[in-house]
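Residue-level listing of the chains:
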Amino acid sequence: DPDDLDDPREIWDCERMIRQKAFVYIGLSTLSNNTVGAAIGSMLLSDITAVAGARYNYEGNRDSVAVLVDEAYEVINEPTLQLLNKGRGAGFDVTLFAQTVPDFAARLGNENSAYQFLGNLNNVISMRVIDEKSQKYVGARLGMVPVQRIEMSRNTGTSTEENVIHFRGGVSYSLKEKEAERFPVTELQSLPNLHFIANIAGGTLIKGRLPAVVG
């Protein structure tokens, strides 16, 4: 209690956490009370964004700060968008975990706002995705590739001339090219557990599997 001089507990805020290079885990328990959890999460992200702004404006040497937000669609707000857009200059690396694109649209009010938000993410790592709109979002980040196809045709025929039978035949090949998905988006729903598709900033594409730690 900041107004109780006899309260021995220390007061922590996001700036102090970052300056002390602390590892902080905050459980919002949104499953039990989504309203309170979302409100607290939004305030924390706003405070983190304010710290990022102060570091960007007034500090030269900046240590890297990792911000990981699970079920991000429940707590994102306008300051979070600013953190994604400009936080890298202050040394902030933000990772958002979510289920589907429509979850962001429901939180932000419409799909345009959701895609504006998601457009500020440099890297996209996707595990199994069932939702069709989310599949299209991931597929668009993976891009298209030219695919070549060889077609072969054969023909044969006969003709008769002066009681002589003539045979003729031929084989022809043609090379055709068309654009195809680099990774079929419908296959995203069939990825095994711990398998993922990733599009890393700079155009690096990865199909991988997370190691399973059994203990």
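Before reading further, recall that the structure is shown in the block above.
Residues numbered from 1 in each chain as written. Predicted model: local features only at pLDDT ≥ 70, side-chain atom pairs only at ≥ 80, totals over all residues. Heavy atoms only, no water.

As a further point, take helix α3 (residues 78-86). For α3, the complete set of buried residues consists of T80, L81, L83 and L84. The buried residues of α3 occupy one face: seen down the axis, they fall within an arc of 160 degrees. In the core, the buried residues of α3 are packed alongside α2 (34-58), β2 (92-96) and α5 (111-118). (Buried < 20%, exposed > 50% of the residue type's maximum accessible area, 1.4 Å probe, protein only. Helix = DSSP H or I, 4+ residues; strand = E, 2+ residues; numbered from the N terminus. Arc of directions from axis to C-beta. Contact = heavy atoms within 4.5 Å.)

Adjacent strands of a sheet pair through backbone hydrogen bonds, lying either parallel or antiparallel. The strand order across the open sheet formed by 3 strands is β3-β6-β7, and the pairing between neighbours is antiparallel. Strands with a single pairing partner mark the edges of an open sheet, and in this sheet they are β3 (124-126) and β7 (204-209). Looking at each pair of strands side by side, their axes are set apart by 15 degrees on average, direction ignored. Pairing analysis gives 6 bridges linking strand β6 (residues 195-200) to β7, with the strands arranged antiparallel. Counterpart to A198 in the pairing with β7 is I206. (Pairing = 2+ DSSP bridges. Axes fitted to C-alpha atoms, helices over the stretch in contact; angles between N-to-C directions.)

A few words on a negative patch on the surface. A surface patch of like charges, here negative, comprises D1, D3, D4 and D6. Mapped onto the elements, D6 comes out in the segment before α1 (14-19). (Patch = residues over 30% accessible without salt bridge, like charges linked within 9 Å, V, L, I, M, F, W, Y side chains within 5 Å. Areas by Shrake-Rupley, 256 points an atom, 1.4 Å probe, with all protein chains shown as cover. Salt bridge = Lys/Arg side-chain N within 4 Å of Asp/Glu carboxyl O. Lys, Arg positive; Asp, Glu negative; His and termini not counted. Charge placed at Lys NZ, Arg CZ, Asp CG, Glu CD.)

This brings us to the packing of aromatic side chains. By the definition in use, this model includes 2 aromatic pairs. An angle of 45 degrees between the planes, with centres 6.3 Å apart, marks the rings of Y115 and Y137 as tilted. Remark: Y137 occurs in helix α6 (residues 132-142) and Y115 occurs in helix α5; sequence separation between them is 22 residues. We classify Y115 as partly exposed; its relative accessible area is 32%. In this structure Y137 comes out as buried when scored by relative accessible area, which is 13%. Looking at R16, its charged tip hangs above the ring of W12, at a distance of 4.3 Å from the centre. (Phe/Tyr/Trp six-rings, centres within 6.5 Å; stacked < 30°, edge-to-face > 60°. Lys NZ or Arg CZ within 6 Å of the ring centre and 35° of its normal.)

Its identity is not glycine, yet S29 carries a phi of approximately 50 degrees, on the positive side. Structurally, the position occupied by S29 is in the loop between α1 and α2. Positive phi is not limited to glycine here, since E71 has a value of about 45 degrees. Tracing the backbone shows E71 in the loop between β1 (65-69) and α3. The class of E71 is partly exposed, set by a relative accessible area of 26%.

With that settled, the discussion passes to α2. Between its first and last C-alpha, α2 extends 36 Å over 25 residues, near the 36 Å set by a 1.5 Å rise per residue. Turning to α2, its buried residues are G37, A38, G41, S42, L45, I48, T49, V51, A52 and R55. The N-capping residue of α2, defined by a side-chain oxygen 3.3 Å from the backbone nitrogen of T35, is N33. (Expected span 1.5 Å × (residues − 1). Polar contact = N/O pair within 3.5 Å; in protein donor to acceptor, adjacent residues only side chain to side chain.)

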